[in-house]
Amino acid sequence: FNLLFTVLGLVVLALGLWGLINKESFAQEKIGQISTDPMLVFVVLGLVLSTLCLSGCVGALRENCCLLQVFSATVLVLVAAQVLAAIVAYSFQGQIEGYLRSGMLAAMVRYQDDLDLRFITDEIQIGLQCCGADNYRDWEVNMYYNCSAPGVLSCGVPATCCVDPLENGTVWNSQCGVGSQQLDEFSAQSVIFLGGCLGGMSRWIEQHTGLIGSVGIVLLGVQIITLFITTRLMDNIQCSKATMEATRKLQDNIVEKCYKITYSGNATRSTR
């Protein structure tokens, strides 16, 4: 399993690096925004996953207690971090909602400039049938959808906000949200989704609390079982090494005694 997850981690790492290089995120004019690049998540996740699982894999194959100790200590830290994150998320729901709002508004600002953020925002709006962070007028923060913008998108919203973005059920109408911010809520509700995505996320979490909790418990249980197995493996390795050392010492003692007996017998015969 560690070997499989090592390969998976390397694939995720390669995907993240490919995305950063392909978008020229390391260029001087873009390096300041790399911390908000979604591809950075793939890089960090792939690096941590591949390094952790490789240490466990090599440690188990070579019976290296040092690598196994690094592996078990890292898994223990991850378990503690997940438990702590769950407690913090439950205790500071208001602050987390504020961070989510800030993150989504930042993604909306860069909607036209970053394909990854655009894809994520579109998927959220389509999946949750929402528009903006709190409501559809949040798209005012985008320089292209701002009502003072000179382009055709002025005072509009993305097509993923539209109730029916398809014409005749087949053709995607990218202009269906044009001018929506100028409409009152009664007129706009037949064209676009009025509710923000933060409210949609909250409702989705409430509806799937049981599933989220079950998945979290299963993942935590798997990691705890992994810790138990790793600890037992290290105990077995140390026990095996101790047995081999004891056997070697016993063999050395037997050889030494045999040598003494042989030497003593030879000396006695020489005297006679």
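Residues numbered from 1 in each chain as written. Predicted model: local features only at pLDDT ≥ 70, side-chain atom pairs only at ≥ 80, totals over all residues. Heavy atoms only, no water.

Colleague: Provide a residue-level description of unusual backbone geometry, including the pertinent values.
Modeller: Located in the positive-phi region is Glu 63, a residue other than glycine, with phi close to 55 degrees. You can see Glu 63 is positioned in the loop between helix H2 (39-62) and helix H3 (65-91). Its identity as a non-glycine residue notwithstanding, Cys 155 has a phi of 60 degrees, on the positive side. In this fold, Cys 155 is placed in the loop between helix H5 (115-128) and strand E1 (166-167). (Helix = DSSP H or I, 4+ residues; strand = E, 2+ residues; numbered from the N terminus.)

Colleague: So what's going on with the pattern of salt bridges? Which residues, and what values?
Modeller: What the rule picks out here adds up to 3 salt bridges. The shortest N-O distance in the salt bridge between Arg 101 and Asp 134 comes to 2.9 Å. Of this pair, Arg 101 sits in helix H4 (residues 93-109) while Asp 134 is found in the loop between H5 and E1, placing the two residues 33 residues apart along the sequence. Here Arg 101 falls in the partly exposed class, since its relative accessible area comes to 25%. Classification of Asp 134 by relative accessible area gives partly exposed; the value is 38%. Connected through salt bridges with shared partners, the residues Glu 97, Arg 101 and Asp 134 form a single ionic network. (Salt bridge = Lys/Arg side-chain N within 4 Å of Asp/Glu carboxyl O. Buried < 20%, exposed > 50% of the residue type's maximum accessible area, 1.4 Å probe, protein only.)

Colleague: A description of the state of the cysteines should follow, citing residues and the corresponding values.
Modeller: The full count for this structure, using the stated rule, is 4 disulfides. Linked covalently through their sulfurs, Cys 130 and Cys 197 form a disulfide whose S-S length is 2.0 Å. Between Cys 130 and Cys 197, the S-S torsion sits near 90 degrees, and that sign places the bridge as right-handed. With Cys 130 in the loop between H5 and E1 and Cys 197 in helix H7 (residues 197-207), this pair connects stretches of sequence that are 67 residues apart. You'll find Cys 130 and Cys 197 in the same group, each marked buried. The partner cysteine of Cys 162 in its disulfide is Cys 176, sulfur to sulfur 2.0 Å. Taking the torsion about the sulfur-sulfur bond, which here is approximately 105 degrees, the covalent link between Cys 162 and Cys 176 counts as right-handed. (Disulfide = S-S within 2.5 Å.)

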